[in-house]
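What follows is the residue order along each chain.
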Amino acid sequence: MDAIDISEVARRTGLTSRALRFYEARGLVRPLRTDAGRRWFGPGEMARLNAVIALKRAGFPLSAIAKMLEGKSVDLARLVEAQLAETEARAAEITAARALLLNVQSRIDRGEPIDVATLCSLIRQGNMTMETENWQRITDRYITPEEKPEWSAQMANVPADFDQADYSRKWADLGGRIENALPLDPASDRAQAFLDEWKALLKPFTDVATPAMMAGANRLYDNMGEWQHEQKPPFSMQVWAFIKAAGAARAAA
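(A) Highlighting the nonpolar core. Grouped together as the largest cluster of nonpolar side chains are 21 residues, with contacts concentrated most on W171, L174, I178, W198, Y221, F235 and I243. Secondary structure elements with two or more residues in this core: α8 (164-181), α9 (189-206), α10 (211-222) and α11 (237-252). Filtering out sequence-adjacent residues up to four positions away, L174 remains in contact with F194, E197, W198 and L201. Counting residues in each nonpolar core, the second largest holds 20 residues, with I4, V9, A10 and F41 among its members.

(B) Broad picture of α10. In a regular helix each residue adds 1.5 Å, so 12 residues correspond to 16 Å; α10 covers 16 Å between its end C-alpha atoms and thus fits that length. Within α10 the residues assigned to the buried category are M213, G216, A217, L220 and Y221. Along α10, the residues classed as buried sweep out an arc of 130° about the axis, all on the same side.

(C) Representation of the confidence of the model for the chain in the model. Considering every residue of the chain, the mean pLDDT works out to 79; 79% of them sit at 70 or more. Confidence, read as mean pLDDT per element, is least for helix α6 (residues 116-139) in the chain (61) and greatest for α11 (93).

(D) Structural context of helix α4 (residues 62-69). Within the sequence span of α4, burial applies to L62, I65, M68 and L69. Taken down its axis, α4 places every buried residue within 115° of arc, on the same side. Summarising the contacts, the buried residues of α4 are in contact with α2 (17-25) and α3 (43-57). Immediately beyond the C-terminal end of α4, within one or two residues, lies G71, with a positive phi of roughly 70°.

(E) Focus on the sheet that holds strand β2 (residues 32-33). Reading across the sheet, the 3 strands line up as β1-β3-β2 and stay open at both edges, with antiparallel pairing between neighbours. The open sheet terminates on both sides in strands that have one partner only, identified here as β1 (4-5) and β2. Where β1 and strand β3 (residues 39-41) come together, 2 bridges link them in antiparallel fashion. Opposite D5, over in β3, you have W40 as the bridge partner.

(F) Structural context of the pattern of salt bridges. For the structure on display, the rule yields 12 salt bridges. Residue E8 pairs with R11 through a salt bridge whose shortest N-O separation is 2.6 Å. Of this pair, E8 and R11 both sit in helix α1 (residues 6-13), 3 residues apart, which is roughly one turn of the helix. On the basis of relative accessibility, which here comes to 61%, the residue R11 falls in the exposed class. A salt bridge links D166 to R169; the nearest nitrogen and oxygen atoms lie 3.8 Å apart. Separated by 3 residues within a single helix, D166 and R169 lie in helix α8, roughly one turn from each other. With a relative accessible area of 26%, D166 lands in the partly exposed category. Three or more residues joined by partner-sharing salt bridges are found here, namely E8, R11 and R12.

(G) Broad picture of the environment of D140. Along the chain, D140 turns up in the loop between α6 and α7 (148-155). The exposure class assigned to D140 is buried, which follows from its relative accessible area of 7%. A sequence separation of 80 residues divides D140 from L220, and the C-alpha atoms of the two residues are 9.6 Å apart.

(H) Structural context of the side chain of R39. Turning to its location among the elements, R39 is positioned in strand β3. Among the polar contacts made by the side chain of R39, one reaches the side chain of E24 at a distance of 2.5 Å. R39 has contacts with I4, D5, I6, R21, E24, P31, L32 and R33, leaving out every residue within four places of it along the chain.

Cut-offs applied
Residues numbered from 1 in each chain as written. Predicted model: local features only at pLDDT ≥ 70, side-chain atom pairs only at ≥ 80, totals over all residues. Heavy atoms only, no water. Core = buried A, V, L, I, M, F, W, Y, C linked by side-chain atoms within 4.5 Å. Buried < 20%, exposed > 50% of the residue type's maximum accessible area, 1.4 Å probe, protein only. Helix = DSSP H or I, 4+ residues; strand = E, 2+ residues; numbered from the N terminus. Contact = heavy atoms within 4.5 Å. Expected span 1.5 Å × (residues − 1). Arc of directions from axis to C-beta. pLDDT = per-residue confidence, 0-100. Pairing = 2+ DSSP bridges. Salt bridge = Lys/Arg side-chain N within 4 Å of Asp/Glu carboxyl O. Polar contact = N/O pair within 3.5 Å; in protein donor to acceptor, adjacent residues only side chain to side chain.

What follows is the structure, encoded as structure tokens:
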């Protein structure tokens, strides 16, 4: 039988037997039980355990994980693909950061002064790494590992010359102008003009996004109050609520 008992699972994965029993009690895993009550984990349950741990690391509570996996078989291929994509993205960021640090270290070793521009690059690289990690941690709560491959595939269609920094500045500018204009009747001409500007700015995303991706993005910002203390959003909760109201007003007209 291609299965291992609970003590071997704990030894090989680093999880405790207590944690494994707790997951079983919550219905997250269902190991085979012998007549003597011994727990055995086969390939199916190990794949399910992998999904549980991946979702838990992504920040999902166990109650949500139970609902997500209820009555479903685990698509291990998509889960591994998502984990691989995440690993490769982080590896690229680490490679760029390492190259910058090695360059600076080499200049220090040669006794060269480090100019202001290079010091700015060091600060920017550190901030970018921290911000990327923050966004990764936050978005993982609203995009499941099964959905990640679709996001990676679709976002690869964004033009190579796309300027993310400039795009972020435009969002900050639009969000600030909308907030300064509030309160505003969502059905007014000015509100609808803001909505048009919003949709135009969103077009690079909507051009490649699937309905599931749009739903995931909406979930992210609908729950902004849960994460805005961890990462500064591109616009406020008030602006998001206004845009949704303006869209509802247009749909009702």
